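Remarks on the overall topology
Each chain, written out:
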Amino acid sequence: MAAKRAAKKPNVSGEELTQYYRDMLLIRRFEEKAGQLYGMGLIGGFCHLYIGQEAVVVGLEAATEDGDKRITSYRDHGHMLACGMDANGVMAELTGREGGYSKGKGGSMHMFSKEKHFYGGHGIVGAQVPLGAGLAFADKYKDNSRVTFTYFGDGAANQGQVYETFNMAALWDLPVIFVIENNQYAMGTAQARSTSSQDIYKRGEAFGIPGEMVDGMDVLAVKDASERAVKHCRSGKGPYILEVKTYRYRGHSMSDPAKYRTREEVQKMREERDPIENVRQLLLTGKHATEDDLKAIDKEIKAIVNASADFAKESPLPDEAELWTDIYA
Amino acid sequence: MATEILMPALSPTMEEGTLAKWLVKEGDTVQSGDILAEIETDKATMEFEAVDEGVIGKILVTEGTEGVAVNTAIAILAEDGEDVSAIEATPVVAPDEAAPAATAPAAAPAQAAPAPPTPDLTPDWPQGTPMKTQTVREALRDAMAEEMRGDEDVYLMGEEVAEYQGAYKISQGLLDEFGSKRVIDTPITEHGFAGIAVGAAFGGLKPIVEFMTFNFAMQAIDQIINSAAKTLYMSGGQMGAPMVFRGPNGAAARVGAQHSQDYAAWYAQIPGLKVAMPYSASDAKGLLKSAIRDPNPVIFLENEIMYGRSFEVPDMDDFTIPFGKARIWREGSDVTIVSFGIGMHYALEAADKLAEDGISAEVIDLRTLRPIDYDTVIASVMKTNRCVTVEEGWPVGSIGNHLSATIMERAFDYLDAPVINCTGKDVPMPYAANLEKLALTTTDEVVAAVKQVTYR
């Protein structure tokens, strides 16, 4: 059983660091833009932003190979961008337009890309956990050495089906990495108020699933842990649990007044632990990039995000005939 | 360049709000993420954050203003160094009135009674096909075995399906033939293994999930409906769940309230699912083979009491029954009796008794409940002018209710009597033998209903 380990800095090139910076910044700027479009009424319903948690998915994706699968909850925009889905298609799905990944029929919480092996986007807390194990089941059945990243939050970690899944995943040695994104609040309920034992990574112990806690504000620590987990799964040893401690800066969804935590708590996290700022400093102090280089990246990202917003505004509403399609294959 | 800061929508239902308090003043420099103002929505007081960096040029809506419409410019954000004094606010334009709701479809004008539809009456198998006698149990097993031989991606999972050979022996012999990779005993964990099977279907397999009974599938119903049935739609057609959920449904005998429930109407309500509920062994086999091949999630409702009943099954390769095609078991001219599953037992028995009294009943087995073969029912009712439906499920929101409404819409002028729904009684299933019998529908009730609609 792996204990909580201190994150040792893995060897990483300037190029890789720059890529992580770029990927995390894309998510942050995309989400800020999504928040803005929500405010303008262009995005409706529920919209859960990933701001603050960027290092989690970027670090995990750093250890993936082609054909590996991922599935997550409704806080899914970051996961889609990180696995290479097109920002235009994601933003247009948020605005409910024809150009969206689900032709406007899924929305923020229900998006998929078969091409990128992104299996949703699920709106029922915890339901994606057995589904992710099922994807891994299919890979094991086909004996193709793929792994599935199954993301869920500290809130979902209290759903019964998670433990039903742990049991079967361990029983059948399924190649699934359970990534618990512990952002410390299940909607408005602090973890200490909902969870009897705070160390969720230990919850696999009863099933013989190794787990470890990871600093989710440090993309390199996440990447390092992801590599260990992938190695374990790909070698046929069964599931692995990563509890990634992270923090969401924004509310649970757009309509969350966030009265359950102080402004100072959020501010402190932003100022001291921001995952993007951390990498920025690494790039500058390691002389991998200059201020000007980073400004150029910022500009490039801004252009991608603005283009996605333009696309999402200009893409037409789905044809009314779409109401009746895709019900049966 | 200066940009307008607009009154944000801060909840799914917000159309206007109160600008409670400004936390910045003109001339302040703001960074992305800084709190600009507090806004009262229909739900709560929310902090409104800056998205872009810049200098607050002008505040256009003073704090305390109520009823500020979403998207109204409330301030001007200038870029650092820009001359804010020159900025003029563009006039506030109220957003367009919401487009009028799409016009409701006009009511169909009154017209002459419609002509009867022409249902598909092709026989289920060619004339002269040799037949063999089989139980429903054997037919179900043969269907699975044949499909598993033909497609490596088809596998069976459920409680006691492998080593125990099936709690009701439906999977007898399958472990021996296909091995433990494809015939998988699960722990008692319906929610979990149903979800795993849906995920496996997303991943390209074609699972058959056996529920020991459908009563236990209630533990898994979120995965069946929210994950299996809806994903094709939610993904814009990219991926769905080609799979079968099967097992005994409805009342068995003396097992009480929690183990005796008919889910036909529950699942038949869900777009994205297909639902079969066979009566005979040939339909059990032909429909299950179709279900396994179907690219959609199929609910396959069997019945424990029917497992041991024998029927004639065509002895032919690759025999399938299509979904959405009812079977007319008995032609008649005085009344149409529509049923499915074990309800057919009462329907056919009633038809025999009615014949003794000189009443000719046409008996239709729907076989599948999604899709439903309305045409066969409507054509028959247009001929007989009377209809009785038979099912074991509860009366409220029953399949019979739905058929009555459809018949009223499509064949109102042909009806000579109200449609009667014979259903299970509106009570949980009692244990006592006499009460259990009363709780289910009976042949005598069907006979009485037919006499009522035929005014005999």
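Residues numbered from 1 in each chain as written. Chains lettered and ligands numbered in written order. Predicted model: local features only at pLDDT ≥ 70, side-chain atom pairs only at ≥ 80, totals over all residues.

Each helix and strand counted, chain A has 11 helices and 8 strands in total. For chain A, whose C-alpha radius of gyration is 19 Å, the value lies close to the compact-globule estimate of 20 Å for 329 residues. On the principal axes, the C-alpha backbone points of chain A span a range of 55 × 50 × 40 Å. Sequence separation of 24 or more characterises 76% of the internal contacts of chain A that already satisfy a separation of 6 or more. (Helix = DSSP H or I, 4+ residues; strand = E, 2+ residues; numbered from the N terminus. Rg over C-alpha atoms; globule rule 2.2 N^0.38 Å. Contact = placed C-beta atoms within 7 Å.)

As a further point, take the UniProt feature "domain: Dehydrogenase E1 component" (unreviewed entry) in chain A. UniProt annotation of "domain: Dehydrogenase E1 component" (unreviewed entry) refers to residues 23–318 of chain A when read in the numbering used here. Span residues 23–318 of chain A is 45% helix and 12% strand, its end C-alpha atoms 30 Å apart. (UniProt positions renumbered as here; feature names shortened; annotations may be inferred.)

On the chain B side, the residues contacting the 46 residues of chain A number 47 residues. Mapped by element, the contributors of at least two residues to the side of chain A that touches chain B are helix 1 (14–39), helix 5 (128–142) and helix 6 (160–171) of chain A. Considering every element that reaches the side of chain A that touches chain B, the biggest residue donor is helix 5 of chain A, with 10 residues.

This brings us to unusual backbone geometry. Residue and element names in this part refer to chain B. Residue proline 371 is bonded to the preceding arginine 370 through a cis peptide linkage, with omega at 0°. Tracing the sequence through the fold places proline 371 in the loop between strand 20 (368–370) and helix 9 (374–384). One non-glycine residue, asparagine 385, adopts positive backbone phi at about 70°. Classification of asparagine 385 by C-beta neighbours within 10 Å gives partly exposed; the count is 19. (Buried ≥ 20, exposed ≤ 12 C-beta atoms within 10 Å, placed from the backbone.)

The next thing to look at is the nonpolar core. Ile177 of chain A together with Ile337, Val388, Val446 and Val450 of chain B are the most contacted members of the largest nonpolar core, which totals 225 residues. In terms of residues, this core owes the most to one element, helix 1 of chain A, which gives 10 residues. Not counting the four nearest positions on each side in its chain, valine 388 of chain B is found in contact with Val335, Ile337, Ile420, Cys422, Val446, Ala449, Val450 and Val453 of chain B. (Core = buried A, V, L, I, M, F, W, Y, C linked by C-beta atoms within 7 Å.)

This part is about the pairing of strand 8 (residues 240–245) of chain A. Note on strand geometry: in a regular strand, side chains alternate between the two faces of the sheet. Residue and element names in this part refer to chain A. Summarising burial for strand 8: 6 of the 6 residues are buried, a large majority. The alternating pattern of strand 8 places Tyr240, Leu242 and Val244 on one face and Ile241, Glu243 and Lys245 on the opposite face, and all of these are buried. In terms of strand pairing, strand 4 (residues 176–182) meets strand 8 through 6 bridges, oriented parallel. Its bridge partner lying in strand 8, glutamate 181 is registered against valine 244. Pairing analysis gives 5 bridges linking strand 7 (residues 211–215) to strand 8, with the strands arranged parallel. Paired with glutamate 212 across the strands is leucine 242, a residue of strand 8. (Pairing = 2+ DSSP bridges.)

To summarise the sheet geometry, strands pair through backbone hydrogen bonds and adopt either a parallel or an antiparallel arrangement. All names here are of chain B. The strand order 17-19-18-21-22 describes an open sheet built from 5 strands, whose pairing is mixed. Strands at the two margins of the open sheet, each flanked by one partner only, are strand 17 (327–330) and strand 22 (420–422). Recorded for the sheet is a direction-independent mean angle of 25° between the axes of neighbouring strands. Pairing geometry for strand 18 (residues 335–339) and strand 19 (residues 361–365), over 5 bridges, is parallel. When the bridges of strand 19 are listed, serine 339 appears paired with aspartate 365. Across the face of the sheet, helix 12 (residues 443–453) comes into contact with strand 18, strand 19, strand 21 (387–390) and strand 22 while running at roughly 175° to strand 22. (Axes fitted to C-alpha atoms, helices over the stretch in contact; angles between N-to-C directions.)

Keep in mind that low pLDDT regions are not for reading the predicted coordinates in detail. Residues of chain A with pLDDT of at least 70 account for 97%, and the chain-wide mean is 95. Low pLDDT, under 50, characterises residues 1–8 of chain A; the stretch is placed with 12 contacts to residues that sit more than four places away or in other chains. (pLDDT = per-residue confidence, 0-100.)

Residues and elements named next belong to chain B. Put simply, chain B has an average pLDDT of 92, and 93% of its residues get 70 or more. Scored below 50 in pLDDT, residues 89–104 shows 10 contacts in the model against residues more than four places distant or in partner chains. Quick note on the complex model: pTM equals 0.90, ipTM equals 0.94.

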